Amino acid sequence: MAERGVDALKPTDVRVAVKAVGICGSDLHYYHHGRVGDFVIREPFTPGHEASGQVIEVGVDVSKVRPGDRVAINPSRTCGVCRYCRAGAFNHCENVHFFGSASRFPHMQGAMRESMAVDQRQCIPVPASLPFEIAAFGEPLAVALHAVNQAGSLLGKTIMVVGAGPIGALTLMAAKLAGARELIAVDIVEQTLAACARVGATCTIHAGRDPAALDALAQAKGLVDVCFEVSGSYAGLANCIRVTRPRGTIVQVGTLSGSSDGCPFNQIMVKSLSLIGAFRFTDEYEWAVDYLSRGIIDVSPLLTEAIPVARVHEAFELAADRTRAMKVQVTF
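Residues numbered from 1 in each chain as written. Predicted model: local features only at pLDDT ≥ 70, side-chain atom pairs only at ≥ 80, totals over all residues. Heavy atoms only, no water.

Caption draft 1: Structural detail: the nonpolar core. With 50 residues, the main nonpolar core has Leu 154, Ile 159, Leu 170, Leu 172, Phe 228 and Leu 302 as its most contacted residues. The biggest single contributor to this core is helix 4 (residues 138-150), with 7 residues. Setting aside residues up to four positions removed in sequence, Leu 172 forms contacts with Ile 159, Val 161, Leu 183, Ile 184, Ala 185, Cys 196, Val 199, Gly 200 and Ala 201. Listed in part, the 27 residues of the second largest apolar core include Val 14, Val 65, Val 71 and Val 330. (Core = buried A, V, L, I, M, F, W, Y, C linked by side-chain atoms within 4.5 Å. Buried < 20%, exposed > 50% of the residue type's maximum accessible area, 1.4 Å probe, protein only. Helix = DSSP H or I, 4+ residues; strand = E, 2+ residues; numbered from the N terminus. Contact = heavy atoms within 4.5 Å.)

Caption draft 2: Summary view of the packing of aromatic side chains. Here the structure, examined in full by the defined rule, presents 4 aromatic pairs. Residues Tyr 234 and Phe 265 carry aromatic rings whose centres are separated by 6.2 Å and whose planes lie at 80° to one another, so their mutual orientation is edge-to-face. One end of the pair, Tyr 234, is in helix 8 (residues 234-243); the other, Phe 265, is in the loop between strand 14 (244-252) and helix 9 (266-270), and 31 residues separate them in sequence. Lying across the ring of Phe 132, Arg 70 places its NZ or CZ 3.8 Å from the centre. A cation over a ring is seen here: Arg 280 above Phe 98, with NZ or CZ 3.8 Å from the ring centre. (Phe/Tyr/Trp six-rings, centres within 6.5 Å; stacked < 30°, edge-to-face > 60°. Lys NZ or Arg CZ within 6 Å of the ring centre and 35° of its normal.)

Caption draft 3: The pattern of salt bridges, seen in detail. This model, assessed by the stated rule, comprises 12 salt bridges. Asp 225 serves as the salt-bridge partner of Arg 245, at 2.7 Å between the closest nitrogen and oxygen. Here Arg 245, found in strand 14, pairs with Asp 225, found in strand 13 (residues 224-229); they are 20 residues apart in sequence, far enough to count as distant. The exposure class of Arg 245 is partly exposed, given its relative accessible area of 26%. Since its relative accessible area comes to 17%, Asp 225 is described here as buried. One connected set of salt bridges, linked through shared partners, spans Glu 305, Arg 311 and Glu 314. (Salt bridge = Lys/Arg side-chain N within 4 Å of Asp/Glu carboxyl O.)

Caption draft 4: Spotlight on the side chain of Arg 70. Structurally, Arg 70 is set in strand 5 (residues 70-73). Polar contacts involving the side chain of Arg 70 include one to the main-chain carbonyl oxygen of Leu 130, which spans 3.0 Å. Leaving out residues up to four positions away in the same chain, Arg 70 has contacts with Gly 53, Gln 54, Ile 124, Pro 125, Val 126, Pro 127, Ala 128, Leu 130, Pro 131 and Phe 132. (Polar contact = N/O pair within 3.5 Å; in protein donor to acceptor, adjacent residues only side chain to side chain.)

Caption draft 5: Structural detail: the pairing of strand 8 (residues 115-119). Counting buried residues in strand 8 gives 4 out of 5 residues, a clear majority hidden from the surface. The pairing of strand 1 (residues 13-22) with strand 8 spans 5 bridges and is classified as antiparallel. Looking across to strand 8, one finds that Arg 15 is bridged to Ala 117. (Pairing = 2+ DSSP bridges.)

Caption draft 6: Seen up close, the packing of helix 1 (residues 25-33) against helix 11 (residues 312-319). At their nearest, the axes of helix 1 and helix 11 sit 10 Å apart, and the two run at 115° to each other. Taken together, the axes of helix 1 and helix 11 are roughly perpendicular relative to one another. Every pair of crossing elements has a handedness; the one defined by helix 1 and helix 11 is left-handed. Counted together, Asp 27, Leu 28, Tyr 31 and His 32 of helix 1 and His 313, Phe 316, Glu 317 and Ala 319 of helix 11 form the full contact between these two elements. Here the contact of helix 1 with helix 11 is built from residues that sort into 4 nonpolar, 2 polar and 2 charged. (Axes fitted to C-alpha atoms, helices over the stretch in contact; angles between N-to-C directions. Parallel < 35°, antiparallel > 145°, perpendicular 65-115°, else oblique. Left-handed = near helix turned anticlockwise from the far one by under 90°. Nonpolar A, V, L, I, M, F, W, Y, C, P; charged D, E, K, R; others polar.)

Caption draft 7: Seen up close, the sheet that holds strand 14. Overall, parallel pairing links the 6 strands, which are arranged 12-11-10-13-14-15 in an open sheet. Each of the sheet's edge strands pairs with one partner strand only, and the pair in question is strand 12 (203-206) and strand 15 (274-277). Ignoring strand direction, the axes of neighbouring strands in this sheet form an average angle of 20°. Lying on the sheet, helix 8 is in contact with strand 10 (158-162), strand 13, strand 14 and strand 15; it crosses strand 14 at an angle near 150°.

Caption draft 8: Local environment of the packing of helix 4 against helix 5 (residues 166-177). Axis separation between helix 4 and helix 5 bottoms out at 8 Å; the angle between their running directions is 55°. By the angle class used here, helix 4 and helix 5 are oblique. Remark: the crossing between helix 4 and helix 5 carries right-handed chirality. Touching Pro 140, Leu 141, Val 143, Ala 144, Leu 145 and Val 148 of helix 4 are Ile 167, Leu 170, Thr 171, Ala 174 and Ala 175, all from helix 5.

See below:
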């Protein structure tokens, strides 16, 4: 932990006392490896982009919130004027400032600090009855909602999620909300599959111990309507391609890495599959916070532990152990 100066407030800025911050996979990469893909830490860096808090000060032109309000904090501050923002594709903003990213230098500092200044547009009020820990799920739930939104109508369909960690479990929950009939979770960790069963999976498959179950889904050219690849592995994508029916859809949510050897890319063409990417979110952040606030989606079964910032290293070690943790948060 380190001391940092307090950000000055611009007229439309809000100073928020941070209360809860979730640990994401990218945070773990920065913590353990000092990088996420090509994004390498080159200066003192604060991680964290899944945050909630309480307003303690507002700029002179702020009208959306006032001191004392509890808020979920959207980590994405977009410019609103580039061609992508004008088209409503805010997740592709050319000038985006996104918490906790070393993709630029100076880096975009994250939310794991006592307080931070953000634009009022990033503050989504939540009711006093909503715990800060649940409000901090707004960001990962928004990612899941965006992935499901990319897939088109799921009413009555069979869907499969490969990679049953926090984003995978939330994607499963979002697909259920969207009307999917059969919800299949696939992973290689028994504990994460058990968590998915608790939040609505109708079937769980351990890919390492039960490959026959995946073979069964690949019969007749594929029995799954829509697959969500969340693991970020080519082996996961290969399984999606195998089990998705002709003219079905695969949504790539995870960041792919490793060797692509053996991945049957030609089957995308042969089966006329639609392969769609899902990057971050747009309007789904406000939807996510609304669903959490109204109890439409209950994410509490996914929260393993909220650990005070004085034990932050313990929190990161726990979050890295998939056999013990789904979502771990740091609290202030």
